[in-house]
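Listed below, chain by chain, are the residues.
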Amino acid sequence: MAIYLEPMTSQDVESILEIESESNLEPWSARCFLEEMGRSYSRVRVARDGHRMGRIVGYICFWLIVDELQILNVAVHKDYRRRGIGRKLLSYALDTGVVRNARVAVLEVRQSNTSARSLYGQLGFRPLGIRPNYYGGITESAILMELDLKDYRTSEAPRETLGLCVEG
């Protein structure tokens, strides 16, 4: 499936909130996404179905601070899951980190989110530790995961770039 990646705009918030509310037990608010757009170290990208004006089918929010890439939020619309879109979004973020000379990528994931943990493992992330009761509203621990971007650069992990148009 071809997707088109571009920076999020304020007009995208409604579509993103729909995906966010169906994907996360503690969804971010519109204000959270809009604040991320204003941070110099933050990148929020939306994935559109096929072309620039296509439907928003996913998004990713990540920070690049000094030599660290922090993945804060990634989600795919429920009707578009299991099509490689999450992998494409993550690969875009990781490739951006490599280009910007980031040393490491980190993220937290719900302990029960086995599909996300599997994807992160396929990309080379390794569990570093547990953050007990990280998700307060649901009282669930998070697994802290890390990827040495030197390993990502040299790995044979499949890069999902076919059909990926990137702007900005």
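Residues numbered from 1 in each chain as written. Predicted model: local features only at pLDDT ≥ 70, side-chain atom pairs only at ≥ 80, totals over all residues. Heavy atoms only, no water.

1. Quick word on the overall build of the protein
Secondary structure assignment for the protein yields five helices and eight strands. Along the chain direction, N to C, the helices and strands of the protein fall in the order β-α-α-β-β-β-α-β-α-β-β-α-β. Here the protein, with 168 residues, has 42% of them falling under the buried criterion. For the protein, long-range pairs separated by at least 24 residues make up 63% of all intrachain contacts whose partners lie at least 6 apart in sequence. (Helix = DSSP H or I, 4+ residues; strand = E, 2+ residues; numbered from the N terminus. Buried < 20%, exposed > 50% of the residue type's maximum accessible area, 1.4 Å probe, protein only. Contact = heavy atoms within 4.5 Å.)

2. Considering the packing of aromatic side chains
On inspection of all chains with the given rule, the structure shows five aromatic pairs. Ring geometry for Trp28 versus Phe33: centroids 5.0 Å apart, planes at 50°, classification tilted. Residue classification places Trp28 among the partly exposed residues on the basis of a relative accessible area of 23%. An angle of 90° between the planes, with centres 5.5 Å apart, marks the rings of Phe33 and Tyr59 as edge-to-face. On the criterion of sequence distance, the pair formed by Phe33 in helix α2 (residues 30-37) and Tyr59 in strand β3 (residues 56-65) is long-range, its members being 26 residues apart. Comparing Phe33 with Tyr59, the two get one shared label, buried. Every member of this aromatic cluster is reached through a ring pair, and the members are Trp28, Phe33 and Tyr59. (Phe/Tyr/Trp six-rings, centres within 6.5 Å; stacked < 30°, edge-to-face > 60°.)

3. So, the confidence of the model for the protein
Taken as a whole, the protein shows an average pLDDT of 86; of its residues, 86% reach a score of 70 or greater. Confidence drops under pLDDT 50 across residues 156-168; counting only partners more than four residues distant or on other chains, this segment forms 27 contacts. (pLDDT = per-residue confidence, 0-100.)

4. Here we look at the environment of Ser40
Within the element layout of this structure, Ser40 appears in the loop between α2 and β2 (42-49). On the basis of relative accessibility, which here comes to 67%, the residue Ser40 falls in the exposed class. Considering only alpha carbons, one finds Ser40 and Trp63, 23 residues apart in sequence, at a separation of 8.9 Å.

5. Brief notes about the pairing of strand β5 (residues 104-110)
Buried residues dominate β5, accounting for six of its seven residues. Examined bridge by bridge, strand β4 (residues 68-76) and β5 share three bridges and lie parallel to one another. Its bridge partner lying in β5, Leu69 is registered against Ala105. Note that β5 and strand β7 (residues 140-148) share seven bridges and pair antiparallel. For Ala105, the partnering residue across the bridge sits in β7 and is Leu147. (Pairing = 2+ DSSP bridges.)

6. Some words on the side chain of Glu36
Following the sequence through the fold, Glu36 ends up in helix α2. In this structure Glu36 touches Trp28, Ser42, Val44, Cys61, Trp63 and Leu72, once residues within four positions along its chain are discounted.

7. So, the nonpolar core
Residues Phe62, Leu69, Ile71, Ile85, Leu94, Tyr120 and Phe125 are the most contacted members of the largest nonpolar core, which totals 31 residues. Counting residues in each nonpolar core, the second largest holds 11 residues, with Val44, Val46, Cys61 and Ala75 among its members. (Core = buried A, V, L, I, M, F, W, Y, C linked by side-chain atoms within 4.5 Å.)

8. Topic: the environment of Leu128
Mapping Leu128 onto the fold places it in strand β6 (residues 126-135). Expressed as a C-alpha distance, the spacing of Leu128 and Leu147, which sit 19 residues apart in the sequence, is 9.6 Å. Here Leu128 is in contact with Leu144, Met145 and Glu146, once residues within four sequence places are set aside.

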